[in-house]
Amino acid sequence: MADNKFAAYLCSGCGIGDILDVAKLERVAKVEGKMQIIKTHPFLCNEEGVKMIRDDIANEGVTHVCIAACSRRAKAEAFHFPTVALSRANLREGVIWAVAEGAEHDEVRQEMAEDYIRMSCAEIKKMTLPAGNVKESSSKKILVVGGGMSGMTAAQAAAEAGYEVVLVEKTGQLGGFANQMWKRMPFNMPYAEPQPTGAAELSAQITSNPRIKVYLNSTVAETAGAPGRFKVKIAAESGSVSEELCGAIVQASGFTTYPIEKLPELGGGQPNVVDQAGLEALARAANGGPIKRADGKEVKSVVFIQCAGQRDDSGTHLPYCSGHCCGTSIKQAIYFKDQNPDIDTVVMYQDLRVPGMGEDFYRSAQKKGVIFTKGKASKVTGGDTCTVEFKDLILDEDTATQADLVVLATGQVPNAGVNLDEWTATVTAAESGDEAAKTKKAELQKISVLNLNYRQGPDMPQLKYGFADSHFICFPYETRRTGIYAAGPMRRPMDMHQAQEDATGAALKAIQAVENAALGRAAHPRAWDLSFPKARLEGCTQCKRCTVECPFGAIDEDEKRFPVFNEERCRRCGTCMGACPVRVISFENYSCDTVGMQVKAVEVPDEDEEKPRILILACENDAYPALDMAGMQRHTYSAFVRVIPVRCLGSVNTIWITDALNSGYDGVMMMGCQKGENYQCHFVKGSEMAYYRLGKVGDTMKGMGLEPERMQTYEIAITDGARVAKLINDYVEQLNALGPSPMKGFG
Amino acid sequence: MSEANTQAIARYKNNFLKEVEERVEDGQWVKMCMQCGVCAGSCPFGPHWEHSPQKIFMMIRAGKREEVLTSDSMWMCTSCYNCIVRCPRKLPITHIMHGLANYAHRLGLAPKGQPTRDIAVLFWKNVVKNGRVNEMTFSLAMYFRDGFGQGIKNAMAMKDIGLGMMKAKRLNPMEIFGGHTCKDKSGIQRMIAKAREIEDKRRRLA
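What you see is a predicted model, and the numbers here were worked out from it, not measured in a lab.

So, the overall build of chain B
Secondary structure assignment for chain B yields 12 helices and 0 strands. Ordered by position in the sequence, the α and β elements of chain B form the string α-α-α-α-α-α-α-α-α-α-α-α. Each principal axis of the C-alpha distribution contributes one length, and for chain B these read about 55 × 40 × 30 Å. Considering only contacts in chain B between residues 6 or more positions apart, those separated by 24 or more positions represent 63%. Total accessible area computed for chain B in this model is approximately 11,800 Å², and 58% of it derives from carbon and sulfur atoms. In chain B, 33 positive and 19 negative side-chain charges are present, and the distance between their average locations comes to 3 Å.

Considering the packing of aromatic side chains
Considering all chains together, one arrives at 9 aromatic pairs over all chains under this definition. Here the aromatic rings of F587 of chain A and Y590 of chain A are separated by 6.4 Å at their centres, their planes lie at 45°, and the arrangement is tilted. We classify F587 of chain A as buried; its relative accessible area is 3%. Among the residues examined, Y590 of chain A registers a relative accessible area of 5% and is labelled buried. Site record: aromatic cluster; members linked through ring pairs are Y320, Y465 and F467 of chain A. Directly above the aromatic system of Y362 of chain A lies the positively charged group of R89 of chain B, at a separation of 4.8 Å from the ring centroid.

Examining the interface of chain A and chain B
Contacts between the two partners involve 16 residues from chain A, matched on the other side by 15 residues from chain B. For the pair chain A and chain B, the summed buried area comes to about 1,300 Å², and 57% of that belongs to carbon and sulfur atoms. Broken down residue by residue, the surface that chain A buries against chain B is led by Q366, I394 and L395 of chain A, which jointly contribute 43%. Across the pair K18 of chain B and D342 of chain A runs a salt bridge whose closest N-O atoms are separated by 3.9 Å.

Quick look at the confidence of the model for chain B
All names here are of chain B. When pLDDT is averaged along chain B, the result is 91, and 100% of the positions lie at 70 or above. Confidence scores differ between elements of chain B, with helix α1 (residues 3-12) showing the lowest mean pLDDT of 85 and helix α6 (residues 82-86) the highest of 96. Across the whole predicted complex the pTM is 0.87, and at the interface the ipTM reaches 0.85.

Describing the side chain of H524 of chain A
Residue and element names in this part refer to chain A. Within the secondary structure layout, H524 lies in the loop between α13 (496-518) and β22 (534-535). Side-chain polar atoms of H524 contact the side chain of E478, separated by 2.9 Å. Not counting residues up to four positions away in its chain, the partners in contact with H524 are F475, E478, Y485 and R571.

What to know about the nonpolar core
Of all hydrophobic cores here, the largest spans 104 residues; its most connected members are L91, L617, I657 and M671 of chain A. Filtering out sequence-adjacent residues up to four positions away, L617 of chain A remains in contact with V595, I644, V646, L649, V652, W656, I657, M669, M670 and M671 of chain A. The next biggest cluster of nonpolar side chains, apart from the first, holds 56 residues, and it includes A377 of chain A together with F16, W75 and Y103 of chain B.

Looking at the pattern of salt bridges
Residue and element names in this part refer to chain A. Taken as a whole and assessed by the stated rule, the structure comprises 66 salt bridges over all chains. R363 is the partner of E359 in a salt bridge, and the nearest nitrogen-oxygen pair spans 3.9 Å. Of this pair, E359 and R363 are both found in helix α10 (residues 358-367), 4 residues apart, which corresponds to roughly one turn of the helix. By relative accessible area, E359 is classed as partly exposed at 26%. The partner of K534 in a salt bridge is E588, and the shortest N-O contact between them spans 3.3 Å. You can see K534 sitting in strand β22 and its partner E588 sitting in the loop between β25 (585-586) and α16 (592-601), a full 54 residues away along the chain. For K534, a relative accessible area of 37% translates into the label partly exposed.

Focus on the sheet that holds strand β4 (residues 85-90) of chain A
Two modes of strand pairing occur in sheets, parallel and antiparallel, and in both the strands are linked by backbone hydrogen bonds. Residue and element names in this part refer to chain A. Strand order in the open sheet formed by 4 strands is β2-β1-β3-β4, with parallel pairing between adjacent strands. Each edge of the open sheet carries a strand with a single partner, namely β2 (37-41) and β4. Neighbour-to-neighbour, the strand axes of the sheet open up by a mean angle of 15°, direction not taken into account. Pairing geometry for strand β1 (residues 6-11) and strand β3 (residues 64-69), over 5 bridges, is parallel. The residue bridging A7 from the neighbouring strand is V65, located in β3. Where helix α2 (residues 22-32) meets the sheet, its contacts fall on β1 and β2, and the angle it forms with β2 comes to roughly 160°.

A word on the sheet that holds strand β15 (residues 344-349) of chain A
Residues and elements named next belong to chain A. Taking strand neighbours across the sheet as the criterion, the 7 strands line up as β13-β19-β14-β15-β16-β17-β18 in an open arrangement whose pairing is mixed. Strands with a single pairing partner mark the edges of an open sheet, and in this sheet they are β13 (273-275) and β18 (397-403). Taking each pair of neighbouring strands and ignoring which way they run, the sheet shows an average axis angle of 40°. With 4 bridges joining them, strand β14 (residues 301-305) and strand β19 (residues 405-408) adopt parallel strand pairing. Along β19, the bridge assignment pairs F304 with V407. Helix α8 (residues 276-286) rests against β13, β14 and β19 of the sheet, and its axis sits at about 100° to β13.

Description of a negative patch on the surface
Residues and elements named next belong to chain A. On the surface, a cluster of negative charge is made up of D606, E607, D608 and E610. Locating E610 in the fold gives a position in the loop between α16 and β26 (614-619). Residue classification places E610 among the exposed residues on the basis of a relative accessible area of 67%.

Focus: the packing of α8 of chain A against helix α9 (residues 325-339) of chain A
All names here are of chain A. At their nearest, the axes of α8 and α9 sit 11 Å apart, and the two run at 25° to each other. Classified by the interaxial angle, the pair formed by α8 and α9 is roughly parallel. Between α8 and α9 lies a crossing whose hand is left-handed. The segment α8 lies against α9, with Q276, L279, E280 and A283 engaging C325, T328, S329, K331, Q332, Y335 and F336.

Here we look at α16 of chain A
All names here are of chain A. The buried count for α16 comes to 7 of 10 residues, which makes it a mostly enclosed element. All of the buried residues in α16 are C592, T594, V595, G596, Q598, V599 and A601. Residues of α16 that are buried make contact with α5 (106-125), α15 (575-579), β26, β27 (641-646) and α18 (654-662).

A closer look at a nonpolar patch on the surface
All names here are of chain B. On the surface, F148, I152 and M156 cluster together into a nonpolar patch covering about 340 Å² of accessible area. Structurally, M156 is set in helix α10 (residues 148-157). Look at M156 and you get exposed, because its relative accessible area is 51%.

Brief notes about helix α11 (residues 420-431) of chain A
What sets the pattern is the α-helix's 3.6 residues per turn: residues three or four places apart point alike. Residues and elements named next belong to chain A. Between the first and last C-alpha of α11 there are 16 Å, a value that for 12 residues agrees with the 16 Å anticipated at 1.5 Å per step. For α11, every residue scored as buried is listed here: L420, W423, T426, V427 and A430. Down the axis of α11, the buried set is contained in an arc of 120°. They therefore lie on one face. Here the buried face of α11 lies against α12 (435-447).

Details of the pairing of strand β17 (residues 386-392) of chain A
Residues and elements named next belong to chain A. Extensive coverage of β17 is indicated by the burial of 5 of its 7 residues. Bridge count between strand β16 (residues 371-381) and β17: 6 bridges; the pairing is antiparallel. For A377, the partnering residue across the bridge sits in β17 and is F390. Between β16 and the antiparallel strand that follows it, β17, lie 4 residues; G382 among them carries a positive phi value of about 105°. As consecutive antiparallel partners, β17 and β18 are separated by 4 residues, and within that stretch D396 has a phi angle of approximately 55°, a positive value.

The rules behind each value
- Residues numbered from 1 in each chain as written.
- Chains lettered and ligands numbered in written order.
- Predicted model: local features only at pLDDT ≥ 70, side-chain atom pairs only at ≥ 80, totals over all residues.
- Heavy atoms only, no water.
- Helix = DSSP H or I, 4+ residues; strand = E, 2+ residues; numbered from the N terminus.
- Contact = heavy atoms within 4.5 Å.
- Areas by Shrake-Rupley, 256 points an atom, 1.4 Å probe, with all protein chains shown as cover.
- Lys, Arg positive; Asp, Glu negative; His and termini not counted.
- Charge placed at Lys NZ, Arg CZ, Asp CG, Glu CD.
- Phe/Tyr/Trp six-rings, centres within 6.5 Å; stacked < 30°, edge-to-face > 60°.
- Buried < 20%, exposed > 50% of the residue type's maximum accessible area, 1.4 Å probe, protein only.
- Lys NZ or Arg CZ within 6 Å of the ring centre and 35° of its normal.
- Buried area = accessible area lost by both parts, 1.4 Å probe.
- Salt bridge = Lys/Arg side-chain N within 4 Å of Asp/Glu carboxyl O.
- pLDDT = per-residue confidence, 0-100.
- Polar contact = N/O pair within 3.5 Å; in protein donor to acceptor, adjacent residues only side chain to side chain.
- Core = buried A, V, L, I, M, F, W, Y, C linked by side-chain atoms within 4.5 Å.
- Pairing = 2+ DSSP bridges.
- Axes fitted to C-alpha atoms, helices over the stretch in contact; angles between N-to-C directions.
- Patch = residues over 30% accessible without salt bridge, like charges linked within 9 Å, V, L, I, M, F, W, Y side chains within 5 Å.
- Parallel < 35°, antiparallel > 145°, perpendicular 65-115°, else oblique.
- Left-handed = near helix turned anticlockwise from the far one by under 90°.
- Expected span 1.5 Å × (residues − 1).
- Arc of directions from axis to C-beta.

As structure tokens, this is what we get:
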């Protein structure tokens, strides 16, 4: 500690100096905060102000900087001092903009600002500069699993960016589903004509690329480790096993088509009814000539039935829209029209969905004379000529039409690997000695794509309908396994263009992951965070709560059942820290102490002053920005609250709550992200774990003789600026009715 | 059933869309309709037609030839152009409606006694005869299209307007005896005949 030098910099700009008594704030920082250097600047974030801080760091040996100015979310680039520990007191968004104007509020507003100075000074005392932790065996090689269009695109993108790539393909040929296709939809202007797939060219480029090593007829037998140091065993069909050290993984394991046999009512199984893949095969066989049925008869009329076994709400078939089928049917109808404009081609749809530039493609098909009929097919019968019975949805009548061939748009089913819920249940049953479960476990292991030796199961979690997606708002391109990225139709249904874009995105994320792992940094959502969880193992009681609660399975156990952190898998949410009952887990710049000291730094007035104190623990991802937003939009809220940002509600340790209530706070407001099925938590289940954990605080409170209403939890979205201000004001009113905390004066 | 209609049926068999494409003014646009329904929703007469333009287009694609051509829907169009203005595909819907009406009339399938059709026929005959409109004979022909008694009733009901127009010299009662014509009446008639000939050739109606 001898070498530490603490400095506080106050900004009087943006109206802070006009509204607050800055001289008094300086005194608080000096006398109570015990800062060694205190400086006030009228425009701290400008060149001159920042230079003042930089000079002090360089010349005065300042190691800890406390900045009292705007929110920590503002001016992050100006106040970026990578060599010192930094805390921010939010005087602008959090005080002068959030508390109502007028002299009658001067006293409470000034008290609020002074408390924020105290809190910031208390926090910085317990912070150290994260040093990072770079592992020596780090690799920047990228593993791509799957050699279809997505996998090849990801491999090529990564290789072109200068990274070594290992590509594993389970069949003997690159190209995947594209090999079965005659043509693809157009990706470029004028979006009018079907194009060659390009699979063969791409495959040749991959094979001849010196940076890409291709394993054909191979699967991933085991994946161990963490981002930057994945040890991957690749098993060839011949039986030989190779090992590769990789830094990140792109899984592009593609899809299978929904089986046409499951649709007998629409003629599935009849010789003159095919699915879209079947039609591609007929078109390939025709090679540009007249398309013929399997029995050799030239097709003169064809009906495409959209949404066959898809968007099904009866629970029998796929409930979702596969997204590409309308475009694919348009493309296939054009096959016929281009060959012979007199062929009757009818596309029977319920809603025609052609995302992106598909509208132009649709228009092109209309110009070529493809007929689009809004109708729902109910039955396909007949031999040489099929009869399609359908309800015309525009003319509102039951009718029928004839065709030589019927094409069913059956959709995509993801090859995402093992369903982890099923896996967990099977493993539990197998461990209890169930023989059937043991057989099923072996079966499931064959389905697995990555065969991860993670405690949370062998593959990525599936979000919905078996797709290995994570959360399209919070984590586009991310999955719930750090350093492993899903690309193409195993992530969500998509066409080739989307799959290739997706694969490029996944390759870039994989590059980010290997680069961050090499520097010991978090990839996301706390990008560039160098801190990582540190456990004081001598105090650990081996309760396993951290391993169980970590949303990313980043914590394993050693032989003595102590936690082992896979830091590269960690996303720095701090859920382990919040879970630990003996508080042995901490981060260098975020710990039970950094927050605990802030809680204690607040001056809690006596009950006769009639100034309640309310602690707000706000998630930094949504709730804290919402509070800032309230300030920016001048939705004023009570000056009785003290806000502390937390990395995730999951990182909230119950000690903070009990400490606050013990010190005489009148209430605690916990603000996190939406939990449950439509969760918005950036750490998947951090907020959910917090609600679960904090639900048990009620008992403790009863023991303290406190009303349970003194702790409240809220789900806040980033757009909730106005709402969050109202919630605070309502809560203050509620507490006023309840009266001051009986714990006051005992702290 | 007219000779032209029989020939059309033989020529196009079941492909009514193709028939419309070739023979109806702006008919080639019908296949570009994407069934969004904005025309139907925008039409001020929407609730009073049997079939909206959207449905007419769908019926054409579904091959409902008889139903479309005998429908009085396209005769209900007031040419307000709302549908054209709002169509996201820029289909000339009003023109297609007029084209369909005209085609149905040519085939002899248009509904008999339909007022819009009657007024159109009378107006056309009147204008071709003299090269200009004779208001007197045109309005009298309209009054008496449903018989003598009804004609008297119509004339009585409209007499105030008629007298007003006479006072303002907008209507000359002497015009009933033939009235004045344009300079080159026969020239105009020849021009119209030629235009009809060209059109029929283009639409394969000849």
